[in-house]
Each structure stands twice: as structure tokens, then as C-alpha cells.
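Chain by chain, the residues:
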Amino acid sequence: ARLEISQGGGGAAEVTSALVSLAEERLQQLEAALASKRAESERMAASSWGAWASDAAVHSELRRLQDELSHAHLDAVRLKRGWGEAEAAAAAAVEVAAAA
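Let me begin by describing the structure that accompanies this report.

Criteria and cut-off values
Residues numbered from 1 in each chain as written. Predicted model: local features only at pLDDT ≥ 70, side-chain atom pairs only at ≥ 80, totals over all residues. Heavy atoms only, no water. Helix = DSSP H or I, 4+ residues; strand = E, 2+ residues; numbered from the N terminus. Rg over C-alpha atoms; globule rule 2.2 N^0.38 Å. Areas by Shrake-Rupley, 256 points an atom, 1.4 Å probe, with all protein chains shown as cover. Lys, Arg positive; Asp, Glu negative; His and termini not counted. Charge placed at Lys NZ, Arg CZ, Asp CG, Glu CD. Salt bridge = Lys/Arg side-chain N within 4 Å of Asp/Glu carboxyl O. Buried < 20%, exposed > 50% of the residue type's maximum accessible area, 1.4 Å probe, protein only.

**Some remarks on the overall build of the protein**
Then, in step 1: The secondary structure content of the protein amounts to one helix and zero strands.
Then, in step 2: For 100 residues, the compact-globule estimate of 2.2 N^0.38 gives 13 Å, and the C-alpha radius of gyration of the protein, at 41 Å, exceeds that figure by more than 25%.
Then, in step 3: As displayed, the protein offers around 8600 Å² of accessible surface, 61% of which is attributable to carbon and sulfur atoms.
Then, in step 4: Each charge sign in the protein was given a centre, from 10 positive and 15 negative side chains, and these centres are 3 Å apart.

In C-alpha cells, the structure reads:
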């Protein structure tokens, strides 16, 4: 908006009225811009929270899978050890049976 002052009379009241109108118009523009920025900020915060929650879930699942892998590895080592012991016992039993 532009403030136009006529060269003729009119006076201070018209100028003041025009300035008030301009100020109110600018205030409305600023309030609209603020509301837009606030909404954008809320969307970004929600998005950030969602991303954080998703990252946390992924990291939690990764830790769970790493733990499961560690347990599976330990189980495999135990089974391998047990299998070796069972083979040795079976071989000893075969020798005892063959000797008898």
C-alpha cells in the first residue's frame, strides 16, 4: 500500500488515518507471516520427532539383532564344542567295542 497525500488541504487527520491503515495492513502481513512460520516450525518439529523416533527404533532393532547374533554365535561355539566331545566319545566307544 502507498500513502498518498494530496497537495490540497486534508490535514493531519487524513495523514494519521492513512498511516494507521498502513500500519494495520503491515501488522496483518506480519501476523500472517508469523503464523506461517510457526506452522512450518511445528511441521519440522513433528518431522524431526518422527525421524528421531524412527532412528531410535532402527537403532533398537539393530542392537537386538546384534545381541541375537552374539547369542547365536555363542550357541554355535557350544554346539561345535559339544559335537567334538560327542565325536570323541563315540570314537572311544568304537575302540572299546572293537577291543572287546
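**A look at the pattern of salt bridges**
Then, in step 1: What the rule picks out here adds up to four salt bridges.
Then, in step 2: A salt bridge links Glu 61 to Arg 64; the nearest nitrogen and oxygen atoms lie 2.8 Å apart. Placement of the pair is Glu 61 and Arg 64 together in helix α1 (residues 11-99), with a separation of three residues, close to one helical turn.
Then, in step 3: Here Glu 61 falls in the partly exposed class, since its relative accessible area comes to 36%.
Then, in step 4: Among the salt bridges present, the one from Arg 64 reaches Glu 68, with a minimum N-O distance of 2.8 Å. Of this pair, Arg 64 and Glu 68 are both found in helix α1, four residues apart, which corresponds to roughly one turn of the helix.
Then, in step 5: A cluster of three or more residues bridged by salt bridges with shared partners is formed by Glu 61, Arg 64 and Glu 68.

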